[in-house]
Amino acid sequence: MSALLAALLAACASNPKPAPVTTAPAPAAATDNTNTAPATVDLTQGQNKPGYSELTDPNNILSQRRVYFDYDSYVVNDKYNELVQAHAKYLLAHKDAKVILQGNTDSRGTAEYNISLGQKRAEAVKKLMSALGVPDSQIETVSFGKEKPAEPGDTEEAWSRNRRTEIVYQGE
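Owing to the predicted nature of the structure, the values given are computational and were not obtained by experimental measurement.

Considerations on the packing of aromatic side chains
Throughout the structure, instances matching the rule amount to 2 aromatic pairs. Relative to Y169, the ring of Y90 lies with its centre 5.5 Å away and its plane at 85°, an arrangement referred to as edge-to-face. Linking Y90 in helix α2 (residues 81-93) with Y169 in strand β4 (residues 164-169), this pair joins segments that are 79 residues apart in sequence. Comparing Y90 with Y169, the two get one shared label, buried.

This is how it looks when you write it as structure tokens:
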């Protein structure tokens with residue numbers, strides 16, 4: 001009897017009907033282009049926007065700040081002339097800007113030798129900037145020797161990245 005009663009109740013249970021599905025009509029294709037503004041491209045790449053800086057724009061040579069040197073050398077390679085010239089031109093146009101040229105070496109050699117070599121590398125970049133007209137008052141040099149490696153390790157690749165002078169603007 002209870003089985004019959006359960007069957008009757010199950011048969012009488014109502015199944016909820018699903019809500020009808022309605023779709024909104026698709027928007028009509030635009031046929032009138034009179035209200036459409038043409039696409040614009042910002043060719044200034046942010047040059048006149050707040051927060052823009054030539055010094056940090058990756059598309060500007062001024063964002064490049066490292067002059068690399070050969071082993072045991074403080075001669076600036078000709079391939080860095082354009083970079084040094086760009087920074088000199090910037091300094092000449094911005095009389096209040098100042099740079100610190102930070103000379104660095106790889107990990108080989110004594111601490112004393114590397115401090116001296118790092119200083120000579122920084123001075124070599126300063127000499128080029130000075131020859132381009134940048135006053136000494138805008139340039140400071142310092143040597144870190146082997147104390148601030150750009151890349152740790154004792155491989156030729158790491159050593160070559162550590163033999164450098166970094167151009168650092170005051171306030172950075």
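What about the environment of L92?
Looking at where L92 falls in the secondary structure, it is placed in helix α2. Look at L92 and you get partly exposed, because its relative accessible area is 29%.

A few points about the packing of α2 against helix α3 (residues 111-131)
Contact geometry for α2 and α3: axes closest at 9 Å, N-to-C directions at 60°. In this view, α2 runs oblique relative to α3, as classed from their interaxial angle. Crossing angle aside, the handedness with which α2 passes α3 is right-handed. Contacts between α2 and α3 involve N81, V84, H87, A88 and L91 on the former and, on the latter, V125, L128 and M129. By residue class, the composition of the contact of α2 with α3 is 6 nonpolar, 2 polar and no charged.

With respect to unusual backbone geometry
The phi dihedral of D72 is positive, around 55°, even though this residue is not glycine. Tracing the chain through its elements places D72 in the loop between β1 (66-68) and α2. For D72, a relative accessible area of 42% gives the class partly exposed.

A few points about the environment of S160
Here S160 lies in helix α4 (residues 156-162). Since its relative accessible area comes to 27%, S160 is described here as partly exposed. Only 2.9 Å separates the side chain of S160 from the backbone oxygen of E157, close enough to count as a polar contact.

Quick look at the sheet that holds strand β3 (residues 139-145)
Across the sheet, 4 strands lie side by side as β1-β4-β2-β3; this open sheet has mixed pairing. Two strands in the sheet have a free side with no partner beyond their single neighbour: β1 and β3. This sheet shows a mean twist of 20° between the axes of neighbouring strands, independent of strand direction. Direction of pairing for β1 relative to β4: antiparallel, over a ladder of 3 bridges. Along β4, the bridge assignment pairs R66 with E166. Here α2 sits on the sheet in contact with β1, β2 (99-104) and β4, set at roughly 20° to β4. With respect to the sheet, α3 is in contact with β1, β2, β3 and β4, its orientation differing from that of β3 by roughly 155°.

What counts and how
Residues numbered from 1 in each chain as written. Predicted model: local features only at pLDDT ≥ 70, side-chain atom pairs only at ≥ 80, totals over all residues. Heavy atoms only, no water. Phe/Tyr/Trp six-rings, centres within 6.5 Å; stacked < 30°, edge-to-face > 60°. Helix = DSSP H or I, 4+ residues; strand = E, 2+ residues; numbered from the N terminus. Buried < 20%, exposed > 50% of the residue type's maximum accessible area, 1.4 Å probe, protein only. Axes fitted to C-alpha atoms, helices over the stretch in contact; angles between N-to-C directions. Parallel < 35°, antiparallel > 145°, perpendicular 65-115°, else oblique. Left-handed = near helix turned anticlockwise from the far one by under 90°. Contact = heavy atoms within 4.5 Å. Nonpolar A, V, L, I, M, F, W, Y, C, P; charged D, E, K, R; others polar. Polar contact = N/O pair within 3.5 Å; in protein donor to acceptor, adjacent residues only side chain to side chain. Pairing = 2+ DSSP bridges.

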